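These are the residues of each chain, in order.
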Amino acid sequence: DAPRELSVTVHRHTEGNPLFVTEVVRDLVQSGELTEARIVGRSSWSVRIPEGVREVIGRRLDRLSDRTNESLTFAAVIGRQFSLAALRELVQNTSESQLLDVLDEALDARIIEELPTSAGDYQFTHALIQETLTGELSAARRVRLHARIAEALERVWGEDAEGHPAELVPHYAEAEPVLGSEKLVHYSILAGEAALDATAAQDALAHFQLALDSSGDGEVDEQKACILWGLARAQAGVLDTPEMQIAFDTMLEAFNYHVEVGEIDKAVAMAGYPLVLQRWVRGGIDLANRALELVDPGSAAESRIQVRKAVALWYEKADIEQAASATDRALEIALNLGDQRLEMAALSASAVAGPIIDSREGYQRRLDATHRALELAGSDPDPVAQVRANAYSSAFHSGLGHPGEAAKYAHEAIQAAELAGSASMGETARLVGVIPHFAIGDWEGADQALDGLEALYAEGAQTPNISVLRLLARCHRGIEDGVQELLAQMLAGDLDGWNWSLPLLALIDQSMPSLGIGATLSDMIGRAIHQQGITSGTNWSPDQTDAYLAVGLNNSARADAERAWQAYERILPARGTFRGVCMDRVLGLLAESLNRRETAHDHFEDAMGFCRDSGCRPELAWTCSDYAEMLLDRDEPGDRETAIELQDEALAITQELGMRPLTERILARREILRA
């Protein structure tokens, strides 16, 4: 099977023409590009025009007159598409009547075709025809032609030239050796801004990077600050999210310049930009504090900065109290100003900056805030706040055991992220959209949701989010293909990038203990708990909290009584909630490991009630199985009969949902009982 990027590249060049596809692939084979060693791990491809294709196109061009070939060469340098007006500026010593005859000859030979968009617009019938014509030019002549074309297009468009920056940039880029970089930088900035307006972050990134590269290595000035600001916004809209720090640091350069020269409004606008202060970024708290010194107290700008500060406080320090103070201040200002857009942003931030594991009351309180934010959206919503509100509504509905509602809000979040043009927010939206599928045992839907998430990333990129969730979906069903490879990638990763997924790794270990990661996972849990020092009160580290949740699911970790008791105390307030796993089931496992079987009994009963009410059937099957194990070990009167009933209920679910490992585990226990 061809790698996807190779298929895309071949199609881009051949447009599916069977002869061209055959010749291009044959050329790749003959040059050794399609050997297994060259394909593995390769993410970018380029193809050249094979001699066979060049000869076929060359024979067609040879049938045309010299004047037509010369005119078509000019047209090919303009691009795949060109206009009669632009061509007239370039072709010398030719009347308009003669030029029309040239075009008619090319049309009759099906070298070009008219575009239906407007009269006088044409395109080459195939991209390879254009490439063949330009390929016959020397480098020096190509540069001179691009220079003439750039200046000719400016004359044709006149005052409207700045409305066509994307068309002018390629020509000024090629003509830079003779025309210099001034106009290249100017039009690259305009093209980048237009791409951002069209939510085409990848295109914007290319334009602003070109502008930066062409502007020289001097100190930051007004123009370079403008480029850096555009580049930061483009970087913020493109994954991978761990590289969001790059976008932040780029923006910080521009921010510092505007502060130094006293352009406070521009600096404050940058500090309040919503797509830069995100997860993975460090330095947001300091930036927000600096910006707050620049704004008028009680202003709309202060409200926006307080929202960014709250998010930064949560992501950088998990400082719930300070984050709540910042969102309260932002909300107070919004209400004083009567600004519903600001109120929506503040409410959305208050939902984000809460405990990583919350109580039912806390989930409901934060859910009410997100619903109020969505009510305020109206006809002019803050797109980022809208993504956050929908995404966290989905997460809180999942936490309360409402997978149907969670799926609905996740869908809304995904649509809002696409409108916002934010890849990082799209990642958040799609991640929460995976959870409802896992909750109800819809493995096919989970795979499709993961495919949508994977599509956000560069070809071949390995991401913790996708890898751990794909592995979990396979382990639930006992699919062994690729499991060892995925597991090796995960365990070889940097611990800092994987702490959040420790509970999922524990679920994987529980589903397929044959993988043998129990002891390794226990060691990872211990490191995560202690890497930031033991915390207390409300400011629990998210990494530590995730690690304590994993303790409840990991046999090796539960064997440490002190660690198990810490985990039980940490998780107890979250009883009656769901976080990828029923929290009452985890509490039951922890209580059992601490020899508090009556308490474990109550937690398992609560877990079964929660799972039945919510429709979280995979967790119901696991709860029945774990509860049955405890009863069989306790072996008091009636325990065995109750355990068998629980196992029967679990088996009915696992066989319907295809949960082979849990089915085999229960049946193995049955064999032991019979023996």
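Residues numbered from 1 in each chain as written. Predicted model: local features only at pLDDT ≥ 70, side-chain atom pairs only at ≥ 80, totals over all residues. Heavy atoms only, no water.

Would you take a moment to explain the sheet that holds strand 1 (residues 81–83) for this structure?
Strands sit in the order 1-3-2 across an open sheet of three strands; the sheet is antiparallel. Two strands bound the open sheet, and with one partner strand each, they are strand 1 and strand 2 (112–114). Taking each pair of neighbouring strands and ignoring which way they run, the sheet shows an average axis angle of 30 degrees. Relative to strand 3 (residues 121–124), strand 2 is paired through three bridges, and the arrangement is antiparallel. (Pairing = 2+ DSSP bridges. Helix = DSSP H or I, 4+ residues; strand = E, 2+ residues; numbered from the N terminus. Axes fitted to C-alpha atoms, helices over the stretch in contact; angles between N-to-C directions.)

Looking at this structure, I do not really get the nonpolar core. What am I missing?
Looking at soluble globular proteins, one finds that nonpolar side chains tend to be buried together. The biggest cluster of nonpolar side chains holds 98 residues, and the ones touching the most others in it are L502 and I525. Apart from the residues within four sequence positions on either side, L502 is in contact with L521, M524, I525, A528, D546, A547 and A550. With 41 residues, the next largest nonpolar core counts L72, L153, Y172 and A191 among its residues. (Core = buried A, V, L, I, M, F, W, Y, C linked by side-chain atoms within 4.5 Å. Buried < 20%, exposed > 50% of the residue type's maximum accessible area, 1.4 Å probe, protein only. Contact = heavy atoms within 4.5 Å.)

I'm lost on the packing of helix 17 (residues 284–292) against helix 18 (residues 300–317) in this one. Help?
Any two packed helices are characterised by the angle at which their axes cross and by the distance between the axes. Contact pair helix 17 / helix 18: the axes reach a minimum separation of 8 Å and the direction vectors enclose 160 degrees. Taken together, the axes of helix 17 and helix 18 lie roughly antiparallel to each other. Helix-helix and strand crossings are classified by hand; for helix 17 and helix 18 the assignment is left-handed. Two secondary-structure elements touch here, helix 17 through G284, I285, A288, N289, A291 and L292 and helix 18 through E302, I305, Q306, K309, A312, L313, E316 and K317. Of the residues that constitute the contact of helix 17 with helix 18, the class distribution is seven nonpolar, three polar and four charged. (Parallel < 35°, antiparallel > 145°, perpendicular 65-115°, else oblique. Left-handed = near helix turned anticlockwise from the far one by under 90°. Nonpolar A, V, L, I, M, F, W, Y, C, P; charged D, E, K, R; others polar.)

Explain the packing of helix 1 (residues 4–14) against helix 2 (residues 18–30) to me, please; I cannot follow it from the model alone.
At a closest axis distance of 9 Å, the pairing of helix 1 and helix 2 adopts a crossing angle of 130 degrees. Taken together, the axes of helix 1 and helix 2 lie oblique to each other. Regarding helix 1 and helix 2, the two cross each other, and that crossing is right-handed. Contact residues: helix 1 offers L6, V10 and T14, while helix 2 offers F20, V21, V24 and L28.

Can you walk me through the packing of aromatic side chains in this structure?
Think of a pair of aromatic rings as described by two things: how far the centres are apart, and how the planes are tilted against each other in angle. Enumeration over the complete set of coordinates arrives at nine aromatic pairs. Ring geometry for F82 against F124: centres 5.6 Å apart, planes inclined by 50 degrees, an arrangement best described as tilted. Taken as a pair, F82 in strand 1 and F124 in strand 3 lie far apart in primary sequence, 42 residues in all. One exposure class covers both F82 and F124, and it is buried. Ring centres of Y392 and F396 lie 5.8 Å apart, and the angle between their planes is 50 degrees; this geometry places the pair in the tilted category. (Phe/Tyr/Trp six-rings, centres within 6.5 Å; stacked < 30°, edge-to-face > 60°.)

Please clarify how the pattern of salt bridges should be interpreted in this entry.
Pairing is possible between side chains that carry opposite charge, provided their charged atoms lie close to one another. One pass over the structure, following the stated rule, counts 28 salt bridges. Here R233 and E193 are joined by a salt bridge, their closest N and O atoms 2.6 Å apart. Taken together, the residues R233 in helix 14 (residues 222–236) and E193 in helix 12 (residues 182–197) connect sequence positions 40 residues apart. The exposure class assigned to R233 is buried, which follows from its relative accessible area of 13%. Its relative accessible area of 23% is what places E193 among the partly exposed residues. In this structure, K408 and E405 form a salt bridge, with 3.4 Å as the shortest nitrogen-oxygen distance. (Salt bridge = Lys/Arg side-chain N within 4 Å of Asp/Glu carboxyl O.)

Can you help me understand helix 2 in this one?
Spacing of three or four residues puts side chains on the same side of an α-helix, whose turn is 3.6 residues. Taking 1.5 Å of rise per residue, 13 residues should cover 18 Å, and helix 2 covers 18 Å from first to last C-alpha, within 8% of that figure. Of all the positions in helix 2, only F20, E23, V24, D27 and L28 are classed as buried. Projection of helix 2 onto a plane perpendicular to its axis shows the buried side chains occupying an angular sector of 135 degrees, all on one side. Seen from the open side of helix 2, the exposed residues pointing more than 90 degrees away from its buried face are P18, V29 and Q30. On the buried face of helix 2, the contacting elements are helix 1, helix 4 (51–62) and helix 8 (127–135). After helix 2 finishes, the residue G32 shows a positive phi value of roughly 80 degrees. (Expected span 1.5 Å × (residues − 1). Arc of directions from axis to C-beta.)

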